[in-house]
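Listed below are the residues making up each chain.
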Amino acid sequence: MMEEHERRPEMKREEQRRKGWAKPRRSFWWGAGLLALLVVIAVMWWKPWQSDRAMLTADAAAQAVLDQYPGEILNSTLKDGTYIMQLRSETGLYDVQVDAVTATVNSIKRLESNPQAEEKTLWSREQIKTELLKQTDAELVSLELVEQQGSPVYLAVFKMQNNTREQWTIDPYTGVKQSSKTLESSSPDPTTGEGTKISFLSEKEAEQKALTKVPGEVDDIELRGTNSGNPYYLVEIDLDDGREAIVQVNAISGAIRSVTWDEDED
């Protein structure tokens, strides 16, 4: 009985000690759970995985695409920060994917080609001359195929009725006039140092000069070297005996520079 009585106070003290430890543990886990919940709420509200930059509107993104690829945007869909568009251009239908924030074109893929798109063909000088004579009554002085900014164009010089000269820039694929300007070409006079106007021979005048040297039938004539300050005509002449000659005529003085015969003939 004595031993049992002595053990009871010790058991009570142990039970009280365990209850005292249990309370701080429960408080700790409740605090940790509450903190975790607050972190989750803050992350969901802040959304750090999303960019803080504003997304472009569909119209703004479409305009960014059209600035690079002319055509028509048929439809646009926003998905995961990317605009997916369908672009219709002259060459076909394309799938274009654009970053909704930076407007960068991430990919472009042709879905179908345009069956009406044909390869462009340069018009010949004779075709251009025929088309130009339909557009004006002025005298055609020269017609030259040159390259401007990496693309071919025809430069036509006309002598107008008021004796001024105009230079037309012609689309070599359609014969349409793109631009025109009045020529005021001049070269320094060696005696006075003042500028004097330069007058080129017309194609007809150059043909006459060439035919006096090599009688025959003019097949073609072309003005060259207008930008080098040393212009000249190349006149192709067919002879009755089957030979062909190319006569080089100074476009200003009319002097015959050279006569070159077809290499296939004697």
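Above: the structure in question.
Residues numbered from 1 in each chain as written. Predicted model: local features only at pLDDT ≥ 70, side-chain atom pairs only at ≥ 80, totals over all residues. Heavy atoms only, no water.

Caption draft 1: View of the overall build of the protein chain. On a plain count of helices and strands, the protein chain comes out with four helices and 14 strands. Looking at the protein chain as a whole, 26% of its 266 residues qualify as buried. Across the protein chain, every contact between residues at least 6 apart in sequence was considered, and the portion connecting residues at least 24 apart equals 31%. For the protein chain, the accessible surface area stands at approximately 19,200 Å², while carbon and sulfur atoms represent 50% of it. (Helix = DSSP H or I, 4+ residues; strand = E, 2+ residues; numbered from the N terminus. Buried < 20%, exposed > 50% of the residue type's maximum accessible area, 1.4 Å probe, protein only. Contact = heavy atoms within 4.5 Å. Areas by Shrake-Rupley, 256 points an atom, 1.4 Å probe, with all protein chains shown as cover.)

Caption draft 2: Spotlight on the pairing of strand 2 (residues 82-89). With seven bridges joining them, strand 1 (residues 72-79) and strand 2 adopt antiparallel strand pairing. Bridge assignment links lysine 79 to a residue of strand 2, and that residue is threonine 82. Pairing geometry for strand 2 and strand 3 (residues 92-99), over eight bridges, is antiparallel. Pairing of tyrosine 83 across the sheet is with valine 98, part of strand 3. (Pairing = 2+ DSSP bridges.)

Caption draft 3: Summary view of the pattern of salt bridges. Tallied over the full model, the rule gives five salt bridges. Between glutamate 203 and lysine 129 there is a salt bridge whose closest N-O contact spans 3.3 Å. Taken as a pair, glutamate 203 in helix 4 (residues 203-213) and lysine 129 in helix 3 (residues 125-135) lie far apart in primary sequence, 74 residues in all. You'll find glutamate 203 and lysine 129 in the same group, each marked buried. Sharing partners across several salt bridges, the network here consists of Glu126, Lys129 and Glu203. (Salt bridge = Lys/Arg side-chain N within 4 Å of Asp/Glu carboxyl O.)

Caption draft 4: Spotlight on the side chain of glutamate 222. Mapped onto the elements of the fold, glutamate 222 is located in strand 11 (residues 217-224). In this structure glutamate 222 touches Arg125, Leu143, Tyr232, Tyr233 and Leu234, once residues within four positions along its chain are discounted.

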